[in-house]
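Tertiary structure, described
This is what each chain is made of:
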Amino acid sequence: MTLLADLLSTVFERRYRQPARKGQDNRPIEELACDLVGSAGETSGLALAADILSGFENLSDDEKLVFFQYLATAMNIDPESVRNTLDDYERNPSKSSYRAFLTAAEPRRQELIRRLNRVPRATGALVRMRADLLRMVKTDSELAALDLDFRHLFASWFNRGFLVLRPINWESPAHILEKIIAYESVHAIDSWDDLRRRLQPTDRRCFAFFHPSMPDEPLIFVEVALTKGIPSSIQTLLAEDRTATPEDEADTAVFYSISNCQAGLASISFGNSLIKQVASDLSAELSGLKTFVTLSPIPTLARWLQANNAASDINNPDESKAVAAHYLLNAKGHAGLPYDPVARFHLGNGAIVHAVHADADVSNKGREQSNGTMVNYLYDLPKVAQNHEKFATTKEVAASAEVRALANSSPVSQP
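A short tour of the structure in this document, coming up. All values derive from a computational prediction rather than experimental measurement. (Residues numbered from 1 in each chain as written. Predicted model: local features only at pLDDT ≥ 70, side-chain atom pairs only at ≥ 80, totals over all residues. Heavy atoms only, no water.)

**With respect to the overall build of the chain**
To keep things clear, this is the line we draw: Helix numbers and strand numbers start at the N terminus; a helix is a DSSP run of H or I with at least 4 residues, a strand a run of E with at least 2. In this scheme, a residue with accessible area under 20% of its type's maximum is buried, one over 50% is exposed, and one in between is partly exposed, where area comes from a 1.4 Å probe on protein chains only. Contact definition: two residues touch when any of their heavy atoms are within 4.5 Å. Methods summary: accessible areas were calculated by the Shrake-Rupley approach with a probe of 1.4 Å, and residue burial reflects only the protein chains presented.
Check the secondary structure of the chain and you find 19 helices and seven strands. Counting only C-alpha atoms, the chain reaches 65 × 50 × 45 Å along its principal axes. Across the 415 residues of the chain, 47% fall into the buried class. Sequence-distant contacts in the chain: of pairs separated by 6 or more residues, those separated by 24 or more amount to 71%. Carbon and sulfur atoms make up 51% of the accessible area of the chain, which amounts to about 20,300 Å² in all.

**Brief notes about empty space enclosed by the protein**
To keep it simple, the criterion reads: Put plainly, a pocket is an open set of points on a 1 Å grid over the protein atoms alone with protein on both sides within 12 Å along at least five of seven lines, a cavity is a set where a 1.4 Å probe fits but cannot get out, and a lining residue has an atom within 4 Å of a point. Grid points are joined across faces, edges and corners, and a volume is the space filled by probe spheres set on the points. Residues were grouped as follows: Ala, Val, Leu, Ile, Met, Phe, Trp, Tyr, Cys and Pro as nonpolar; Asp, Glu, Lys and Arg as charged; and all remaining residues, including Gly, as polar.
Under the definition given, this model contains one cavity of 30 Å³ or more. In this structure, the largest cavity occupies an estimated 40 Å³ of space. Considering each element in turn, the lining of the largest cavity owes the most residues, three residues, to helix α11 (residues 192–199). Of the residues belonging to the lining of the largest cavity, the class tally is three nonpolar, no polar and five charged.

**A word on the layout of surface pockets**
Reported here for the largest pocket is a volume of approximately 970 Å³. Around the largest pocket, the lining comprises 37 residues; the ones closest to its centre are I258, N260, P341, V342 and F345. Counting residues per element, the ones that place at least two in the lining of the largest pocket are β4 (252–260), α13 (271–285), α16 (341–348) and α17 (364–370). Class assignment for the residues of the lining of the largest pocket results in 18 nonpolar, 16 polar and three charged.

**Some words on the packing of aromatic side chains**
Selection criterion: When the centres of two rings from Phe, Tyr and Trp lie within 6.5 Å, Trp using its six-membered ring, the rings pair. Their planes under 30 degrees apart give stacked, over 60 give edge-to-face, and anything left gives tilted. Lysine NZ or arginine CZ positioned within 6 Å of the ring centre and within 35 degrees of the ring normal marks a charge as sitting over the ring.
Tallied over the entire structure, the rule returns twelve aromatic pairs. Pairing F154 with W157 gives two aromatic rings, centres 5.6 Å apart and planes at 45°, and the pair type is tilted. Placement of the pair is F154 and W157 together in helix α9 (residues 144–157), with a separation of three residues, close to one helical turn. Given the relative accessible area of 0%, F154 is considered buried. In this structure W157 comes out as buried when scored by relative accessible area, which is 16%. Taken together through their ring pairs, the aromatic side chains of F150, F154, W157, F158 and F270 make up a single cluster. In this arrangement the basic side chain of R166 is found over the ring face of F210, its NZ or CZ atom lying 3.7 Å from the centre.

**What about the pairing of strand β7 (residues 374–378)?**
Note the threshold: Being paired, for any two strands, means DSSP has found at least two bridges between them.
Where burial is concerned, most of β7 is hidden: five out of the five residues are buried. The two faces of β7 match: M374, N376 and L378 on one face and V375 and Y377 on the other face are all buried. With five bridges connecting them, strand β6 (residues 352–357) and β7 associate as antiparallel partners. Residue pairing across strands places H357 opposite M374, the latter belonging to β7.

**Topic: the environment of A324**
With respect to the helices, strands and loops of the structure, A324 is situated in helix α15 (residues 317–330). Of the residues examined, A324 reaches a relative accessible area of 0% and is grouped as buried. Along the primary structure A324 and A145 are separated by 179 residues, whereas in three dimensions their C-alpha atoms are 37 Å apart. The residues touching A324, leaving out its near neighbours within four places in the chain, are I298, L301, V356 and T373.

**As for the environment of I234**
Considering the arrangement of structural elements, one finds I234 in helix α12 (residues 234–237). The class for I234 is buried, based on a relative accessible area of 5%. Along the backbone, I234 and M374 are 140 residues apart, and their C-alpha atoms lie at a distance of 8.6 Å. Ignoring any residue separated from it by four or fewer positions in sequence, one finds I234 in contact with H187, Y256, L295, A360, D361 and M374.

**Some points on the pairing of strand β3 (residues 220–227)**
Taking burial as the measure, the eight residues of β3 include eight buried ones, the bulk of the element. For strand β2 (residues 204–210) and β3, the ladder comprises six bridges, and the chain directions are antiparallel. In the strand pairing of β3, F209 is matched with I220. Direction of pairing for β3 relative to β4: antiparallel, over a ladder of eight bridges. If you follow L226 over to β4, its bridge partner there is A253.

**Considerations on the pattern of salt bridges**
Stated formally: Throughout this description, the term salt bridge denotes a Lys or Arg side-chain nitrogen within 4 Å of a carboxyl oxygen of Asp or Glu.
Counted according to the given criterion, the structure contains 26 salt bridges. For R242, the salt bridge identified is with D203, shortest N-O distance 2.8 Å. Of the two residues, R242 is situated in the loop between α12 and β4 and D203 in the loop between α11 and β2; the sequence distance between them amounts to 39 residues. Overlapping salt bridges, with partners in common, bring together E184, D194, R197, R198, E223 and E240 in one network.

**Here's the deal with the side chain of D140**
In plain terms, the rule: Counting rule for charge: Lys and Arg are taken as positive, Asp and Glu as negative, and neither His nor the chain ends is counted. Counting of polar contacts relies on pairs of N or O atoms within 3.5 Å, with two restrictions inside protein: one atom must be capable of donating a hydrogen and the other of accepting it, and residues adjacent in sequence are counted only when both atoms are side-chain atoms.
Tracing the backbone shows D140 in the loop between α8 (122–137) and α9. Within the buried set, D140 has no salt-bridge partner at all; the shortest N-O distance to an opposite charge, 11 Å, is to R109. Within the structure, the side chain of D140 is placed 3.2 Å from the side chain of Q69, a separation counted as a polar contact. When residues no more than four places from it in sequence are discounted, the contact partners of D140 are L65 and Q69.

Here you go:
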């Protein structure tokens, strides 16, 4: 602890040489955090919380790391107290002994985060704070427990009951449209004209989840194309000179891009609820829609092929499709789940692997990650819940007969 104390002292001295702005408590942020957890007054607590949040955002990365280390140590649980209160509850189960155990088992930093969140618009600041923490956890594993506390609280604050689904279209506020461009992570939006082509035609839709405390920040959004039949390439779907499909002729809704927007909400799942809600809303709006599919990348296929020294085994588009099908059905990662993260997401939502397409994404990114191959995941709405339960129980990849036949013809056989 001596090294940490010395580091804290050095950072405090350097950080607080600057004069305080009028009305702001300029004590070390760690001291403010300690006072906030111990404060009883609501007004004084709000002032402390506001100073902590504004002060944190002005810190350097080194100073933020010191603050996180303080939360991870000084505001951690006391294992002895947890053991003693648990023993007492076991000997004498009662409301008071259970309350004592709960108090001991919860780190004080959880209460700190709750009190920080009382400040108007603090939720967004805490999401940004966790984004900083996640960057630092990669180099300081002792902070992982602190991140679990953020995740625990965020899972409650951002559950489906608090989320608001909003359509995004060409008439949406410019600051929202700018963020759609910036946050698009699957198929880059190159210009305002490109964005217009994805939002303005009558056969295009975009929906985003928002949180009431972050009304100007999309959490996740999905781009949808209304088509006749299931598309087999992203370049056809997004072609500049394509002819729009009349709404009343569309029979398929294609989820072709799903982008998470907030780094600080990693591992907080929204996609499952988003797709199901959008599919439900679209089916109610357009009775002609019978099929709900994705056109998805296979982002880790090339990496898997290289790891198995199998990239040279692919000589033509048919072999690309067969290898991709084999990979999606058989390549496993942690805990026996599919190696591919997009596959894990959609299969976990209750979709099935419906079709595989070669030369479906000929962009540099598409070639690099999967040799241009893409996949349709089918959401059969009456069967989604059943498929989800089966996948959660057995981890078996549900797929069409066509995809299974393709996988069996693969020139690559590594598991």
